[in-house]
Amino acid sequence: MDKQQLLKRLEKAWATLNESCNGLSDSQLTEPGVIGDWSVKDILAHVTTWEEEALKYLPLIVTGGRPPRYTQYGGLNAFNAQMTEQKRDLVVSYVLKQLDETHRRLIDYIRSVPEEHFTRETRFRHRLRLDTYSHYPMHAKAIREWRERSVE
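It should be emphasised that the depicted structure is a prediction, and the values quoted were computed from it without experimental measurement.

Draft legend 1. Just the overall build of the protein, in detail. Scanning the protein from terminus to terminus reveals seven helices and zero strands. Of the regular secondary structure in the protein, the N- to C-terminal order runs α-α-α-α-α-α-α. What you see for the protein is a C-alpha radius of gyration of 16 Å, in line with the 15 Å of a compact globule of 152 residues. Dimensions of the protein along its principal axes, counting C-alpha atoms only, are 50 × 35 × 25 Å. A total of 152 residues make up the protein; the buried ones form 45% of that total.

Here it is as structure tokens:
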């Protein structure tokens with residue numbers, strides 16, 4: 001896979017996530033129960049958190065560094081819970097704006113990374129996959145399933 005193929009895969013997964021939310025009102029976006037007590041807004045803030053983590057640590061990986069593990073938070077689930085709690089009171093419009101802006105910055109960054117980081121399975125590609133195009137689909141699926149349950 002080259003950089004362009006990866007960007008296409010990422011953008012396809014991103015579009016699917018966005019489509020899963022299309023047409024939801026602010027009250028629907030903030031309704032808990034999509035995944036546990038998370039709302040769609042919480043999920044979108046969570047996706048932004050992981051794109052922010054990618055923006056923080058992908059440059060480190062490119063230069064040969066190793067990102068810290070999430071043990072300092074008590075593991076990934078604890079990190080997710082802490083970040084979700086920090087963003088819980090953000091208004092929908094801010095969460096959506098932050099989601100779009102962070103994603104745009106991530107795409108711009110990916111475009112700037114040399115091709116050699118994409119042509120084989122590297123730590124860079126592994127981290128990028130985990131934080132983006134393998135992450136979005138599970139949340140898009142959860143949102144679609146929640147929407148189907150809400151209609152019944």
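Anyway, onward from the coordinates.
Draft legend 2. Broad picture of the packing of aromatic side chains. With the rule as written, the count across this model stands at seven aromatic pairs. Here W50 and F79 contribute two aromatic rings whose centre-to-centre distance is 5.2 Å and whose plane-to-plane angle is 65 degrees, an arrangement assigned as edge-to-face. Within this pair, whereas W50 is found in helix α3 (residues 40-62), its partner F79 is found in helix α4 (residues 76-87), the two being separated by 29 residues in sequence. F79 shares its class with W50; the two are buried. Taken together, the ring pairs connect W50, Y70, Y73 and F79 into an aromatic cluster.

Draft legend 3. Representation of the pattern of salt bridges in the model. Summed over the entire model, instances satisfying the criterion amount to ten salt bridges. The salt bridge involving E85 is made with R88; its shortest N-O contact spans 3.5 Å. Of the charged contacts, one joins E101 and K97 as a salt bridge, the two residues approaching to 3.8 Å between their closest N and O atoms. In this pair, E101 and K97 both sit in helix α5 (residues 92-112), four residues apart, roughly one turn of the helix. Residue E101 is classed as partly exposed on the basis of its relative accessible area, which comes to 38%. One network of salt bridges, with partners in common, ties together D42, E85 and R88.

Draft legend 4. Representation of the packing of helix α1 (residues 3-21) against helix α7 (residues 136-151) within the structure. Contact pair α1 / α7: the axes reach a minimum separation of 9 Å and the direction vectors enclose 20 degrees. As summarised for this structure, α1 and α7 are arranged roughly parallel, according to the angle between their axes. Crossing of α1 against α7: the hand is left-handed. Listed contacts from α7 to L10, A13, W14, T16, L17, E19, S20 and C21 of α1 are Y136, P137, H139, A140, I143, R144 and R147. In terms of residue class, the contact of α1 with α7 is made up of nine nonpolar, three polar and three charged.

Draft legend 5. Just helix α6 (residues 123-131), in detail. Residues of α6 that are buried include every one of F124, R125, R127, L128 and D131, and no others. Buried residues of α6 fall within an arc of 165 degrees about the axis and therefore sit on the same side. Tucked into the core, α6 has its buried residues touching α1, α3, α5 and α7.

Calculation criteria
- Residues numbered from 1 in each chain as written.
- Predicted model: local features only at pLDDT ≥ 70, side-chain atom pairs only at ≥ 80, totals over all residues.
- Heavy atoms only, no water.
- Helix = DSSP H or I, 4+ residues; strand = E, 2+ residues; numbered from the N terminus.
- Rg over C-alpha atoms; globule rule 2.2 N^0.38 Å.
- Buried < 20%, exposed > 50% of the residue type's maximum accessible area, 1.4 Å probe, protein only.
- Phe/Tyr/Trp six-rings, centres within 6.5 Å; stacked < 30°, edge-to-face > 60°.
- Salt bridge = Lys/Arg side-chain N within 4 Å of Asp/Glu carboxyl O.
- Axes fitted to C-alpha atoms, helices over the stretch in contact; angles between N-to-C directions.
- Parallel < 35°, antiparallel > 145°, perpendicular 65-115°, else oblique.
- Left-handed = near helix turned anticlockwise from the far one by under 90°.
- Contact = heavy atoms within 4.5 Å.
- Nonpolar A, V, L, I, M, F, W, Y, C, P; charged D, E, K, R; others polar.
- Arc of directions from axis to C-beta.

Geometric descriptors of this kind do not, in isolation, establish any biological role.
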